Amino acid sequence: MNIGNTRPVMTKMLPKQTQFSGGLNQFVRTPQAGTFLKLFDYERLPHSAVNQIKLIYGLVIISRIRAALSRGSWNEAREHATRDIMGWTFWFYAMPAVQRMFVKALVGMPKEYREALLHHPDGAKPATGVIKKLGWHLKSLFNSEMPSALQIEARCEQALNLIDTQAKTQRWKQTAVDGAKKQVNEYFHKLKNYRNFASFTGLVGAIALLGFGVVLFNIYMTRKSMAASQKH
Amino acid sequence: MHITPHKPIQTSHPVLSLTTAQAPEHAILFSGVGDVVANLAQKIDTNRILELTVTDVGGMVLPRTAIEYNQRGSDMGRETLIREISGTLVNVFFAGWLGALGFMLFNSNAVHRMLRLNPLGVHTGAWINAKSLQAFGEQFEEALKAGKTPAQVREKWIDAILDSIVAQDAHVGHTSLHNALDKVTSAPLRQALHASVEGAIPQSGRLTPKAKKLLKHILTGQNSPWAGVVNVQEAIARFASEETGRLKATGLSGEALSHALESAVRSKRIEMSSAVVKAEAPVLEALEKAALQGGLSEKIHLLAGDRAVLSDKALKPFFQEVKAFLEQYMDRVLVDSQGKMTNRVLHAAEKGRMTALMNGSSMLPGLKKAVTGLIPYTYKVKRWVSAVAVFTTLVVGFSVAFFNNWLTKKKHGGLVFSPAEGGPPPEAQSTAGGASDASIINNALYSSRLVRHNVGFAPFMQRRAAL
């Protein structure tokens, strides 16, 4: 889905308006928010906007590398680069992909749950072409529609409302209505749990990789490099 | 075990309590531990900031500090702790806090009396994101062209907004509804339910006509929860006329009178606006409930044609923005001098005045420069506050790594070294505490890579092997 302006930026080309201008020029185009605000305005105070965090974290990484170099340590600079660039990417881009990968790859998840958790924006997988298929899979990891647990709860409530409406208007047997509610509830409960387990996998993956893996890898690499430099 | 609804629906669905008693046996995902994990993950997942904090504190600060301390000693442990904690505070929170503080100062009457920052009395406590503000402003333009009377313009704007909301999860949501109904065992009931889905929750993800009507009623109607909220415009108009009399009685006139009146009205406006924001919860709740029952879900897009002008907006904050725009911008522009929304047909000149009040601009730098339009003025304020907040955060974030360098250097008597490569050079350790000639020379040699500290490759879990 395209995001952006639906109309060209015309504001600057229009004549300047005075407060009491009327007639033909009476409509001043709505002023554009501008690139800075569109990127970095707060979504909800007092939380930082995600784009702000991206920028700040990105530049802080540079400052860490610079500070490491200023005390003459290439090893430390390399450590910061490895750890933080990986952290930046994982925080902002890889975690949703890991969640989608979980849904795609979890063995034993019935189709009725899988198709309710992931929807590819382009629809069905192309029948031919290795590259086309690969592109389709990549796109599905980053762009496919995936509901949050709250959205699933909202859908559950809608389904229960549907049953209620039916029960009111059509005079179904109470046992049938109760059974239907129970079955619908079970389905959504399980769907939500699959969704939450996907989130959990993303979280555990992030912590394992960024909290432990990269740190240990860095220590290993630095020791190796120190040992190698000592041999000379 | 059943899905915990985000609103208590047990009262209207007594049957739900039956299903809680019997957990299905077959699925591992239904077990007690699984539910705890799933609920925890949901709490983290639904709150972006919480997600970042948990990943950062639980996943980065604690394990990283522990590992670094164990493997490479106290210097590295300290540096890591400072780096990671500042990473959480600065990267995740600082800009938000500074922004909140900035807007608080901007809305404060006391600060305004000193600095005259907010001549238009724009209340940014009723928060509207810049992109939403632009989208709403563009819709207002269209509505002003189409509508004949102020009340009609308002109605057309509301119609346009409600027509262009779509659920973000339209496809998967619809699939999940049908799949859930497939589970119903009673065949005739199942068929009837499947048939009723499209009428109640359209596959397009848009609102049903019934829900649109209800939402419109809440936003405009006399008997809606909205009616319980203070009408800011009327209160301001009344206050202004009273205040004029009072100020004239004190002997003010001309420039001084208008100045004093403007200031008083501005203060009153900010005061009333915050009161309205505090009282808006029931309206928002009613809006959210109506929208959820009308086929939307927790996240929405706002379309213009077939493109999304706003995407992935959370439902309730979106309605909060809609409400704020109606109160802070549109009503203020559309009402007459009595603060009332009339049904009088508007002249072209009046429409021009309204457009100017909404959009008219002179985009001079500086907060105090006169701007006639509410929207450009809001942009200007937002630019200043967020730019200052982000820039300050960047400066703080930048200084942390250098602070770490300085602290380690100070702890070792001016010796420059990276604890990542081991402790300080052993020859220099004896002189630590005062920068001797030897340590300075050593320092220079060390950082120019001529002297290496005796650190070899050591197995990982051997505690502090390298030291």
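The model shown is predicted, which means the values in this text are computed figures rather than measured ones. (Residues numbered from 1 in each chain as written. Chains lettered and ligands numbered in written order. Predicted model: local features only at pLDDT ≥ 70, side-chain atom pairs only at ≥ 80, totals over all residues. Heavy atoms only, no water.)

**Re the interface of chain B and chain A**
As a reminder of what qualifies: By definition in these notes, contact holds between two residues if any of their heavy atoms fall within 4.5 Å. Each salt bridge in this description consists of a side-chain nitrogen of Lys or Arg and a carboxyl oxygen of Asp or Glu lying within 4 Å of one another. As used in this structure description, the phrase polar contact means that two N or O atoms lie within 3.5 Å; if the pair is within protein, one of them must be able to donate a hydrogen and the other to accept it, and residues adjacent in sequence are counted only when both atoms belong to side chains. The way it works is that DSSP assigns letters per residue, a run of H or I at least four long becomes a helix, a run of E at least two long becomes a strand, and they are numbered from the N terminus. The classification used treats Ala, Val, Leu, Ile, Met, Phe, Trp, Tyr, Cys and Pro as nonpolar, Asp, Glu, Lys and Arg as charged, and all other residues, Gly among them, as polar.
Across the contact, 160 residues belong to chain B and 127 residues belong to chain A. Among the salt bridges present, the one from K313(B) reaches E43(A), with a minimum N-O distance of 2.6 Å. At the boundary of chain B with chain A, the tally comes to 40 residue pairs in polar contact (both at pLDDT 80 or more). Ranked by the residues each element gives to the side of chain B that touches chain A, the list is headed by helix α3 (residues 48-107) of chain B, at 30 residues. For the side of chain B that touches chain A, the per-class residue count stands at 76 nonpolar, 53 polar and 31 charged.

**Side note on the confidence of the model for chain A**
Residue and element names in this part refer to chain A. The following threshold applies: pLDDT gives the predictor's per-residue confidence on a scale running from 0 to 100.
Here chain A shows a mean pLDDT of 83. Residues at 70 or above account for 88%. Within chain A, the lowest mean pLDDT, 88, falls on helix α5 (residues 130-143), and the highest, 93, falls on helix α2 (residues 50-70). Confidence drops under pLDDT 50 across residues 1-27; counting only partners more than four residues distant or on other chains, this segment forms 49 contacts.

**With respect to the pairing of strand β3 (residues 307-314) of chain B**
Residues and elements named next belong to chain B. Cut-off, in case you're wondering: Two strands pair if DSSP finds at least two bridges between them.
Judged from the five bridges that link them, strand β2 (residues 299-304) and β3 form a sheet pairing that is antiparallel. Residue pairing in the sheet places L302 in a bridge with L310 of β3. Linking β2 back to β3 in an antiparallel pair, the connection comprises two residues, with G305 at a positive phi of about 70 degrees.

**Looking at the environment of L45(A)**
As a reminder of what qualifies: A 1.4 Å probe rolled over the protein chains alone gives each residue an accessible area, and that area as a share of the maximum for its type sets the label: buried under 20%, exposed over 50%, partly exposed in between.
Tracing the backbone shows L45(A) in the loop between α1 (35-40) and α2. According to the relative accessible area criterion, L45(A) is partly exposed, its value standing at 23%. Sequence-distant contacts of L45(A), that is, excluding residues within four places in its chain, are made with G96(B), G99(B), A100(B), F103(B) and W127(B).

**A closer look at the environment of V388(B)**
Residue and element names in this part refer to chain B. Residue position: V388 is located in helix α15 (residues 374-411). Judged by relative accessible area, which is 48%, V388 ranks as partly exposed. Taking C-alpha positions, V388 is 8.3 Å from G99, a pair spaced 289 residues apart along the chain.

**Regarding the packing of helix α13 (residues 315-334) of chain B against helix α14 (residues 348-359) of chain B**
Angle between the axes and distance between the axes are the two parameters that describe a pair of packed helices. Residues and elements named next belong to chain B. Heads up, the condition is: Convention adopted: a line fitted to C-alpha atoms gives each axis, helices being fitted over their contacting stretch, and angles between N-to-C directions are expressed from 0 to 180 degrees. Crossing handedness: left-handed means the near helix sits turned counterclockwise from the far one by under a right angle, and right-handed means the same turn made clockwise.
Contact geometry for α13 and α14: axes closest at 8 Å, N-to-C directions at 150 degrees. As α13 packs across α14, the resulting crossing turns out to be right-handed. Packed against α13, whose contacting residues are F325, Y329, M330, R332, V333 and L334, the element α14 presents R353, M354, L357 and M358 at the interface.

**Observations concerning helix α12 (residues 281-293) of chain B**
Where we set the bar: Each residue after the first adds 1.5 Å to the expected span of a helix.
Its 13 residues place the ends of α12(B) 18 Å apart at the C-alpha level, agreeing with the 18 Å of an ideal helix rising 1.5 Å per residue. All of the buried residues in α12(B) are V283(B), L284(B), L287(B), E288(B), A290(B), A291(B) and L292(B).

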